[in-house]
Amino acid sequence: IYTKLDKTPSIENVSQNLLDWKFEEQIFEYQGHKMSYHDSGDKSKKVIVLLHGYPTSSYDWHLIWSELNTEYRLIAMDMLGFGFSDKPDSIDYTISLQTDILEALLKNLNIEKVNLIAHDYGDNVAQELLARNIEQKEGYPLKIESLTLLNGGLFPETHRPTTIQKLLSSPIGGTVASFTNQTLFSKSFSKVFGPNTQPNNQELIDQWYVICHQKGYKIADKLTHASDDREKNRERWVGALVSPNVPILYISGQLDPVTGIETVERYLELVPNPNVIKLDSIGHFPQLENPKDVLSKVNAHIRKTEEL
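What comes next concerns the included structure.

Thresholds, definitions, all that
Residues numbered from 1 in each chain as written. Predicted model: local features only at pLDDT ≥ 70, side-chain atom pairs only at ≥ 80, totals over all residues. Heavy atoms only, no water. Helix = DSSP H or I, 4+ residues; strand = E, 2+ residues; numbered from the N terminus. Rg over C-alpha atoms; globule rule 2.2 N^0.38 Å. Buried < 20%, exposed > 50% of the residue type's maximum accessible area, 1.4 Å probe, protein only. Contact = heavy atoms within 4.5 Å. Areas by Shrake-Rupley, 256 points an atom, 1.4 Å probe, with all protein chains shown as cover. Core = buried A, V, L, I, M, F, W, Y, C linked by side-chain atoms within 4.5 Å. Pairing = 2+ DSSP bridges. Axes fitted to C-alpha atoms, helices over the stretch in contact; angles between N-to-C directions. Parallel < 35°, antiparallel > 145°, perpendicular 65-115°, else oblique. Left-handed = near helix turned anticlockwise from the far one by under 90°. Nonpolar A, V, L, I, M, F, W, Y, C, P; charged D, E, K, R; others polar. Right-handed = clockwise from strand over helix to strand, strands pointing away.

Regarding the overall build of the protein
Here is step 1: What the protein contains, in helices and strands, is 13 helices and eight strands.
Here is step 2: Computed over its C-alpha atoms, the radius of gyration of the protein comes to 18 Å, within 12% of the 19 Å expected for a compact globule of 308 residues.
Here is step 3: Principal-axis analysis of the C-alpha atoms places the extent of the protein at approximately 60 × 40 × 35 Å.
Here is step 4: Taken across its 308 residues, the protein has 57% of its residues classed as buried.
Here is step 5: Taking contacts inside the protein between residues at least 6 apart in sequence as the whole, the part at least 24 apart equals 80%.
Here is step 6: As presented, the protein carries roughly 13,600 Å² of accessible surface, and 50% of it is formed by carbon and sulfur atoms.

Concerning the nonpolar core
Here is step 1: Counting residues in hydrophobic clusters, the biggest one holds 55 residues, and the most contacted among them are V49, V114, L149 and L241.
Here is step 2: When neighbours within four sequence positions are excluded, V49 is seen to be in contact with I75, L102, L106, V114, N115, L116 and I117.
Here is step 3: With 26 residues, the next largest nonpolar core counts L68, Y72, V294 and L295 among its residues.

What to know about the sheet that holds strand β4 (residues 73-77)
Here is step 1: Here we have eight strands laid out as an open sheet, ordered β1-β2-β4-β3-β5-β6-β7-β8, and mixed in their pairing. Here the strands that pair on one side only, and so sit at the sheet edges, are β1 (26-30) and β8 (276-279). Across the sheet, the mean angle from the axis of one strand to that of its neighbour is 25°, orientation sign disregarded.
Here is step 2: Relative to β4, strand β3 (residues 47-51) runs parallel, the two being bridged by four bridges. When the sheet's bridge partners are listed, L50 is paired in β4 with A76.

Focus: the packing of helix α2 (residues 62-69) against helix α13 (residues 291-307)
Here is step 1: In the contact formed by α2 and α13, the axes pass within 10 Å of each other and the chain directions differ by 40°. Looking at the two axes, α2 sits oblique to α13. Pair α2 / α13 crosses with right-handed handedness. On α13, the residues touching L63, I64, E67 and L68 of α2 are P291, L295, V298 and N299.
Here is step 2: By residue class, the composition of the contact of α2 with α13 is six nonpolar, one polar and one charged.

Re the pairing of β3
Here is step 1: In terms of burial, β3 is a largely internal element, five of the five residues being buried.
Here is step 2: Burial of the side chains of β3 extends over both faces: V47, V49 and L51 are buried on one face and I48 and L50 on the other.
Here is step 3: With respect to chirality, the unit in which β3 leads through α2 into the neighbouring parallel β4 is right-handed.
Here is step 4: In this structure, β3 lies alongside strand β5 (residues 113-119), joined through four bridges in parallel fashion. Bridge pairing links V49 to L116 in β5.

Set out below in structure tokens:
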């Protein structure tokens, strides 16, 4: 009874910011699946593609969207199974599939040059893009001009999943997913934020509302496929970071219990000439916890790469 009491919030309870975000979405169809994405549309500007994390959506970028949009054309897609995109329950949600869809969207939009900003799950999509770029070299149709990574599972050996993530990726993951509700989500979600940058009640309602689109909470276990992909692709993905053909900035919220201090230490150990910014009082979601700092660091990084 407890787990069923607050399953899906009403649309009347969500913020105007989220309603406005949903109103501005566009739809791209991929193999019968409707993909929700945002495109600020100015074709005269350089392109930034923003890649969201698990278990959230492109809405994670809304606090830095307007200011970035003054200088860049922005594109952010809700990956399959996330946000307002379709959430089929009969497919394998691999990072390779998510990357295929993103490439198809960019091809459809006639975009060949991008700056990437990625977070969490999106970091793995960015790593896959980098690996494909290196492997196909001149034949690869997408030129990545810069990459900014925010807290994510770059290395399987330093990734520390939360208790709920461990349960979702276990043999009882489907059962756990079906019993998850707003209260359980809010407690688990808040734990990865810094103590002084906790999400407020409205922000938690908004995040849960998006997850509940098409009853997305029911496939939460299937979306943990990235954990297996990290293990299988470890050499390719880490190799893409170690021998990149693009400038990379890593921004780390140090209070993140999942991909915080240990991930940064491993990054500094493995990546030659690492460009790392540590945010000491921030948790797993730097773009939500300290959007002003993230915005300034991203802008500086992209401008520096433009000068090279």
